[in-house]
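Structural features, examined
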Amino acid sequence: MIELTKGQNTVTVFPELGGALGAWCFDGQEVFLPVANADLKAQKGEAVGAYPLVPYSNRIADGRFEVDGTAYQLDRNMGDHPHTIHGNSWELPWVVAHKTESHVVLTLEHRPNVEARQDERQWPFAYRAVLVYQLHNDGLAVEMVVENLDDVEQPVGFGFHPFLAAQGPATLRFEADSVWITDAQGLPIRHEKTDGEWSFAQPVDAHARFIDNCFAGFKGAAELVRPEVGLTVRVEADPIFQHAVVFTAPDGPFVALEPVTNMTDAINRPDIAGRGLHVLKPGARIGGAMRFRIARSA
């Protein structure tokens, strides 16, 4: 475990647990709320406040997909859930490449046996990822880069999964063009405009109902306001994060607002324009940054 500090901010980093963050506190108040999920066995029962999603975000249906006519099958990685989820970087140890009091650079190299590529059950392509956490006086910056280390083209998506503390009254606001309505297992089945109940253009009670959906055309900004503790968290993401996965629950202690590049199951949806999956040639890289800004509200 590593602890970073800057001004009124402290955050713990777990390189060995998929590059995850533990608690992030501002002036003693939780910003990222550590959450334990026994189904995510690679996190070893540790409560984490955020973690990277590489080399794809959210679900791949039944862990199956094809690239250039070759079929691949991934193992389940979330308990009995039938779909492989959140990539594999959260399942692997990262290496500390550089550290200061307020800043850490983590790296990860995933090198499967390419001669037995179709037997690789975690992810069949080689890649390198770099993850940067930088505390500032007003919050936390997160930068991510993924490089294709393989000798073939590789489909890539990425994002970040924070649990924003939201105990008590809280409102959520963000703008997006549309939302994917999902089936009972979280896979997208139809596309709707963000009208009516799906509009968050104005502040909405973050605990009003259960939501676990991917929004497309995310405008790169979101705001969570907690009036009882006088704290506002503003999320700002680069344009490459064209999607946002949002999880809320009645009386839940957190809100997950995940800036991501790709829609859920993007790898199996080649007919959908703007699905957010990027195909990297050998040696190519792609990346993006986001920032979580903290302010005291009146």
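If you're wondering where the values come from, they're calculated on a predicted model, not measured in any experiment.

Quick word on the nonpolar core
Formed by 91 residues in total, the largest nonpolar core has its most connected members in Phe32, Tyr133, Phe160 and Phe174. Residues in contact with Phe32, not counting those within four places in the same chain, are Leu21, Gly22, Ala23, Trp24, Gly49, Ala50, Leu140, Phe160, Pro162, Phe163, Leu164 and Phe292.

Describing the packing of aromatic side chains
Taken as a whole, this structure holds 20 aromatic pairs when the rule is applied. With centroids separated by 6.1 Å and ring planes inclined at 50°, the aromatic side chains of Phe160 and Phe292 adopt a geometry described as tilted. With Phe160 in strand 15 (residues 159–165) and Phe292 in strand 26 (residues 285–296), this residue pair connects regions lying 132 residues apart in the sequence. Judged on exposure class, the residue Phe160 and its partner Phe292 are both buried.

As for the side chain of Thr84
Structurally, Thr84 can be placed in strand 9 (residues 84–85). Residue classification places Thr84 among the buried positions, given a relative accessible area of 2%. Here the side chain of Thr84 touches Asp75 through a polar contact of 3.0 Å, landing on its backbone oxygen. Every residue in contact with Thr84, bar those within four places of it in the chain, is listed here: Tyr56, Asn58, Arg59, Ile60, Gly63, Leu74, Asp75, Arg76 and Asn77.

Overview of the pairing of strand 16 (residues 171–174)
Every second residue of strand 16 is oriented toward a common face, the buried set being Leu172 and Phe174 and the non-buried set Thr171 and Arg173. Looking at chain direction, strand 16 and strand 19 (residues 204–205) are connected through 2 bridges and run antiparallel. Bridge pairing in strand 19 places Leu172 opposite Val204. Sheet topology note: the strand 16/strand 21 (residues 221–226) ladder contains 4 bridges and is antiparallel. What sits directly across from Arg173, in strand 21, is Glu223.

What counts as what
Residues numbered from 1 in each chain as written. Predicted model: local features only at pLDDT ≥ 70, side-chain atom pairs only at ≥ 80, totals over all residues. Heavy atoms only, no water. Core = buried A, V, L, I, M, F, W, Y, C linked by side-chain atoms within 4.5 Å. Buried < 20%, exposed > 50% of the residue type's maximum accessible area, 1.4 Å probe, protein only. Contact = heavy atoms within 4.5 Å. Phe/Tyr/Trp six-rings, centres within 6.5 Å; stacked < 30°, edge-to-face > 60°. Helix = DSSP H or I, 4+ residues; strand = E, 2+ residues; numbered from the N terminus. Polar contact = N/O pair within 3.5 Å; in protein donor to acceptor, adjacent residues only side chain to side chain. Pairing = 2+ DSSP bridges.

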